[in-house]
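Here's the letter readout for the chains.
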Amino acid sequence: MSDVFVDRVNKSFGEVRALRDVSLAVRDGEFMTLLGPSGCGKSTLLRIVAGLEAQSGGSVSIGGENVDHRVPKQRDVAMVFQSYALYPYMTVYENMALPLVMRRMTAAQRLPLVGRFVPGSAALRSDIEASVREVAASLAIEGLLGRKPAHLSGGQRQRAALGRAMVRNPKVFLMDEPLSNLDAKLRTQMRTELADLHRRLHATFIYVTHDQSEAMTMSDRVAVMMDGEVLQIATPTALYNDPADLRVAEFVGSPRINVVPGIVASEGGVRALDGHVCVAAEAAVGSRVDLGMRSECLTLRDADAAATFRGRTKHVENLGSDCFVHVAVDGLEAPIVARADGRRAGDFAIGAGIGVACDPERVLLFDKAGKRVTVRQSAARVRTHG
């Protein structure tokens, strides 16, 4: 078993509290991503699981065993860093073989020149070479084993770092923003390769990133962290469609979710600016709420057609298959962004009046504390301008 259980872990650096009662259960063979902005505590949590940092409180278990007092090499985890951490004076083969050499061979057997003549050394070296070449073949870097890191591309270095972790056959792979130094095209390629690697190994992955694209495309589940706390743990689909917290809704999704302030109305529904969205919110009349609306939940209409909100076209992003139209609305600091078919990009003139209608069945409501407000969707409808 290679499940990981983090139970109410706290971590403080002097007066700064980096982690606040963090609990996390990673299943055996799961790809779990810790997602959040810089400084939210995700890398600190990963280092605590690895044994590179000691927590101030709480406990960590791996494979059903408490590892709080075990040093990193006793936890049977492998860590892949953002900087790759390859030894520049070693070849790819030597970098990949090093964990096995240190684990399997005695100090005498590791000695240069003389070590080859120590009994048992030849057989061990042969086994290590076979393991390294098998992993190198699976990563398509067999032809790079004789090179040093300085002569590798970023993607090749990343594969070498992964290979060094894989040869150990650890219980858990820990990855701290391993793709952040790659260019955009290579990052996309490596995302696919990492997801495929996880499926082939059936191993437990804990992956740290601030890039939601990485989290949403590779993970079985994602833990969204902010300010040292885990806000929500869910599948990528659930995080996008059913966020439990406004901060999660705003962090997950591109473009960012549209947020419009509103008031629960006595006649049923929510008043937002000059529009009225008929959603049966389970909240007190007069209470303040925020409406969250994804860009694909909005429909753009002519200026004189019935609509929930009215404004003027501020900007158009033409992405080919889609276009995102930014609509400046009086009373809102940020424009409302709506998605439209890319073939319509030329239909939207900058500065022209435009209407925005929302689908009430897909509106998300949040209270003043940012927590989700329950909505009885069957009662949803929209009262529009017009």
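Residue positions within a chain follow its written sequence, with the count starting from 1. Local features in this predicted model are restricted to residues whose pLDDT is 70 or higher, and side-chain atom pairs enter the listing and the counts only when it is 80 or higher, whereas totals over whole chains, interfaces and linings include all residues. Hydrogens are left out, water is left out, and the side-chain values use all remaining heavy atoms of the structure.

Caption draft 1: Seen up close, the packing of helix 2 (residues 92–104) against helix 4 (residues 154–166). Angles run from 0 to 180 degrees between N-to-C directions of axes, and those axes are lines fitted to C-alpha atoms, restricted for helices to the stretch in contact. Each helix is a run of DSSP H or I of at least 4 residues and each strand a run of E of at least 2, with the numbering of both proceeding from the N terminus. Between helix 2 and helix 4, whose axes approach to 7 Å, the crossing angle comes to 25°. By the angle class used here, helix 2 and helix 4 are roughly parallel. Of the two possible hands of crossing, helix 2 and helix 4 adopt the one that is right-handed. Within the contact between the two elements, helix 2 uses Val 92, Asn 95, Met 96 and Pro 99 and helix 4 uses Ala 160, Gly 163 and Arg 164. Throughout this entry, Asp, Glu, Lys and Arg are counted as charged residues, while Ala, Val, Leu, Ile, Met, Phe, Trp, Tyr, Cys and Pro are counted as nonpolar. The remaining residues, Gly among them, count as polar. Considering only residue class, the contact of helix 2 with helix 4 consists of four nonpolar, two polar and one charged. Geometric relationships in this document are graded by angle, where less than 35 degrees denotes roughly parallel, more than 145 denotes roughly antiparallel, 65 to 115 denotes roughly perpendicular, and other angles denote oblique. When the near helix sits turned anticlockwise from the far one by under a right angle, the crossing is termed left-handed; a clockwise turn instead gives a right-handed crossing. We call two residues in contact when some of their heavy atoms are within 4.5 Å.

Caption draft 2: Structural view of the environment of Ser 219. Looking at where Ser 219 falls in the secondary structure, it is placed in the loop between helix 6 (212–218) and strand 9 (221–226). Remark: the alpha-carbon pair of Ser 219 and Ile 206, spanning 13 residues in sequence, is separated by 9.3 Å. If sequence neighbours within four positions are ignored, Ser 219 has contacts with Phe 31, Thr 33, Glu 214 and Pro 236. Polar contacts involving the side chain of Ser 219 include one to the side chain of Thr 33, which spans 2.5 Å. Here a polar contact means two N or O atoms within 3.5 Å. Within protein one must be a hydrogen donor candidate and the other an acceptor candidate, and residues neighboring in sequence count only if both atoms are side-chain atoms. Polar side-chain contacts of Ser 219 include one of 2.6 Å to the backbone oxygen of Ala 215.

Caption draft 3: Representation of the nonpolar core within the structure. Nonpolar core, defined: a set of buried Ala, Val, Leu, Ile, Met, Phe, Trp, Tyr and Cys residues in which side-chain atoms within 4.5 Å join the residues together. Under the scheme applied here, a residue whose accessible area is under 20% of the maximum for its type counts as buried, over 50% as exposed, and between as partly exposed, the area being computed with a 1.4 Å probe on protein chains only. Met 96, Leu 162, Met 175 and Leu 194 are the most contacted members of the largest nonpolar core, which has 39 residues in total. Every element with two or more residues in this core is listed here: strand 6 (77–80), helix 2, helix 3 (121–138), helix 4, strand 7 (172–176), helix 5 (184–201) and strand 8 (204–209). With sequence-adjacent residues up to four places away left out, Leu 162 is seen in contact with Val 80, Leu 139, Met 175, Met 190, Leu 194 and Leu 197.

Caption draft 4: View of the pairing of strand 9. With respect to burial, strand 9 is a largely interior element, six of its six residues being buried. In strand 9, alternate side chains face the same way, and those of Arg 221, Ala 223 and Met 225 on one face and Val 222, Val 224 and Met 226 on the other are all buried. Here, a strand pair is defined by DSSP locating no fewer than two bridges between the strands. The sheet contact formed by strand 3 (residues 31–35) and strand 9 spans four bridges and is parallel. If you follow Leu 35 over to strand 9, its bridge partner there is Val 224. When strand 9 meets strand 10 (residues 229–234), the two strands line up antiparallel, connected through five bridges. Each bridged residue has a counterpart across the sheet, and for Met 225 the counterpart in strand 10 is Val 230.

Caption draft 5: Structural detail: the sheet that holds strand 5 (residues 65–66). Judged by pairing direction, the sheet is antiparallel, and its four strands sit side by side in the order 2-1-4-5 without closing on themselves. Only two strands of the sheet have a single partner each, and these edge strands are strand 2 (16–26) and strand 5. The pairing of strand 4 (residues 57–62) with strand 5 spans two bridges and is antiparallel. Counterpart to Ile 62 in the pairing with strand 5 is Glu 65. Its contacts with the sheet put helix 1 (residues 42–50) on strand 1 (4–13), strand 2 and strand 4, and the angle it makes with strand 1 is roughly 120°.

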